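Descriptive structure summary
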Amino acid sequence: MNGLTPDEWEIIRLSLKVAFWSVLWSLPFALATAMLLARARFPGKSFIDAIVHLPLVLPPVVVGYFLLLGFGRRGPFGEIAEQYFGTVFAFRWTGAALAAAVMGFPLMVRAMRLSIEAIDRGLESAARTLGAARWRVFATITLPLALPGILTGALLSFARSLGEFGATITFVSNIPGETRTLRWVPGKPGVYPMYCTDFCSALHQEMQGYVRVSPVGSSVALSGTLSKGPGAPAPAKADEKKK
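Residues numbered from 1 in each chain as written. Predicted model: local features only at pLDDT ≥ 70, side-chain atom pairs only at ≥ 80, totals over all residues. Heavy atoms only, no water.

**Some remarks on the overall build of the protein chain**
Of the regular secondary structure elements, the protein chain holds 10 helices and 2 strands. Order of helices (α) and strands (β) in the protein chain, N terminus to C terminus: α-α-α-α-α-α-α-α-α-α-β-β. The buried share of the protein chain, reckoned over its 243 residues, is 37%. Sequence-distant contacts, at least 24 apart, represent 66% of the contacts inside the protein chain between residues at least 6 apart. When the accessible surface of the protein chain is summed, it comes to about 14900 Å², and 65% of that surface belongs to carbon and sulfur atoms. (Helix = DSSP H or I, 4+ residues; strand = E, 2+ residues; numbered from the N terminus. Buried < 20%, exposed > 50% of the residue type's maximum accessible area, 1.4 Å probe, protein only. Contact = heavy atoms within 4.5 Å. Areas by Shrake-Rupley, 256 points an atom, 1.4 Å probe, with all protein chains shown as cover.)

**Description of the side chain of serine 22**
With respect to the helices and strands, the residue serine 22 is situated in helix H1 (residues 6-39). Given a relative accessible area of 0%, serine 22 falls into the buried group. Among the polar contacts listed, one links the side chain of serine 22 to the backbone oxygen of alanine 19, at a separation of 2.7 Å. (Polar contact = N/O pair within 3.5 Å; in protein donor to acceptor, adjacent residues only side chain to side chain.)

**So, H1**
Here H1 is 34 residues long and its end C-alpha atoms lie 49 Å apart, about the 50 Å a rise of 1.5 Å per residue gives. At leucine 27, H1 shows its maximal kink, close to 40 degrees; a proline, proline 28, follows between one and four residues later. (Expected span 1.5 Å × (residues − 1). Bend = angle between axes of the 7 residues up to and from the residue.)

**What about the packing of helix H4 (residues 60-71) against helix H5 (residues 76-85)?**
At a minimum axis distance of 4 Å, the contact between H4 and H5 shows a crossing angle of 50 degrees. Relative to H5, the element H4 is oriented oblique. Residue-level contacts link Leu69, Gly70 and Phe71 of H4 to Pro76, Phe77 and Gly78 of H5. Grouping the constituent residues of the contact of H4 with H5 by class yields 4 nonpolar, 2 polar and no charged. (Axes fitted to C-alpha atoms, helices over the stretch in contact; angles between N-to-C directions. Parallel < 35°, antiparallel > 145°, perpendicular 65-115°, else oblique. Nonpolar A, V, L, I, M, F, W, Y, C, P; charged D, E, K, R; others polar.)

**Looking at the environment of glycine 78**
Within the element layout of this structure, glycine 78 appears in helix H5. Sequence spacing of glycine 78 and alanine 90 is 12 residues, and the spatial spacing of their C-alpha atoms is 8.0 Å.

**Some words on the pattern of salt bridges**
Inspection of the entire model under this criterion finds 7 salt bridges. Between arginine 13 and glutamate 10 there is a salt bridge, with the nearest N and O atoms lying 2.7 Å from each other. Taken as a pair, arginine 13 and glutamate 10 lie in helix H1 at a separation of 3 residues, close to a single helical turn. For glutamate 10, a relative accessible area of 27% translates into the label partly exposed. Where glutamate 124 meets arginine 121, a salt bridge forms, and the shortest distance between an N and an O atom there is 3.2 Å. Placement of both glutamate 124 and arginine 121 in helix H7 (residues 121-129) is noted, with a separation of 3 residues, approximately one turn of the helix. The class for glutamate 124 is buried, based on a relative accessible area of 8%. One salt-bridge network, in which partners are shared between bridges, spans Arg39, Arg121 and Glu124. (Salt bridge = Lys/Arg side-chain N within 4 Å of Asp/Glu carboxyl O.)

**Thoughts on the confidence of the model for the protein chain**
Regions with low pLDDT should not have their predicted coordinates read in detail. On average, residues of the protein chain carry a pLDDT of 77, and 74% of them reach 70 or more. Here strand E2 (residues 220-222) is the element of the protein chain with the lowest mean pLDDT, 37, and helix H6 (residues 93-117) is the one with the highest, 93. (pLDDT = per-residue confidence, 0-100.)

**Examining unusual backbone geometry**
Positive phi values are uncommon outside glycine, yet phenylalanine 91 reaches one of about 60 degrees. Note that phenylalanine 91 resides in the loop between H5 and H6. We classify phenylalanine 91 as buried; its relative accessible area is 10%.

**Things to note about the packing of aromatic side chains**
In this structure the tally under the stated criterion is 6 aromatic pairs. Here the aromatic rings of tryptophan 25 and tryptophan 93 are separated by 6.4 Å at their centres, their planes lie at 25 degrees, and the arrangement is stacked. Of this pair, tryptophan 25 sits in helix H1 while tryptophan 93 sits in helix H6, and the two are 68 residues apart along the sequence. Aromatic side chains phenylalanine 71 and phenylalanine 77 sit 5.4 Å apart centroid to centroid with 25 degrees between the ring planes, which places their arrangement in the stacked category. (Phe/Tyr/Trp six-rings, centres within 6.5 Å; stacked < 30°, edge-to-face > 60°.)

**Points about the packing of H6 against helix H8 (residues 134-162)**
Where H6 meets H8, the closest approach of the two axes is 8 Å, and the angle between their N-to-C directions is 160 degrees. Taken together, H6 and H8 sit at an angle that is classed as roughly antiparallel. For the element pair H6 and H8, the recorded crossing hand is right-handed. Together, Ala100, Met103, Gly104, Leu107, Met108, Ala111, Met112, Ser115 and Ile116 of H6 and Leu145, Ala146, Gly149, Ile150, Thr152, Gly153, Ala154, Leu156, Ser157, Arg160 and Ser161 of H8 make up the contact between the two elements. Taken together, the residues of the contact of H6 with H8 sort by class into 12 nonpolar, 7 polar and 1 charged. (Left-handed = near helix turned anticlockwise from the far one by under 90°.)

Printed below as a string of structure tokens:
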């Protein structure tokens, strides 16, 4: 059995990097959201809960499209991130990590919330009556007791990040050394893992006409019918028979 090629090792390294940072970025937000949903009572709580779990019911390609609108170079959040923090998300590994974090966020929040709801509130009340501050109660009682749920949520999100495909291809495309992760079959453009249907191949072919990467891989421009807006005529096929 032949060993892995350098390109394959690069894909594995990039996949682990994307999954690691996606979990690290979303962990504090997931914990805060889980605490809010598990302990707080406020109007609109059900709506917030539905928004958190929205990535589980929406098609991943739709999630990636919304990320491209919001965090692209011309998007409201993407423009702010680039201007003030120097961070670019669209068609970069940072965007792949963001897409993976969004798709894995509901799994992380759900596991943490269940763990927090199972904590005996009497233990926290007893600590408060003995003079412990709120932050100390959280650090010494709530957080250790919720640790199994936190670890479970982190592992679920990490695994989801490794297998993420739909949102990632829409948001960051397939750029070797930048956004090509384990979901691609290395060295075979247009070939995808077994769990991916023919839709993935068709989507990749469409993206080839919309996304143009410079030779140095430092910039991405939109081209083809996408730049012409909705309703633009499709390009004529080269193999179309003349009548």
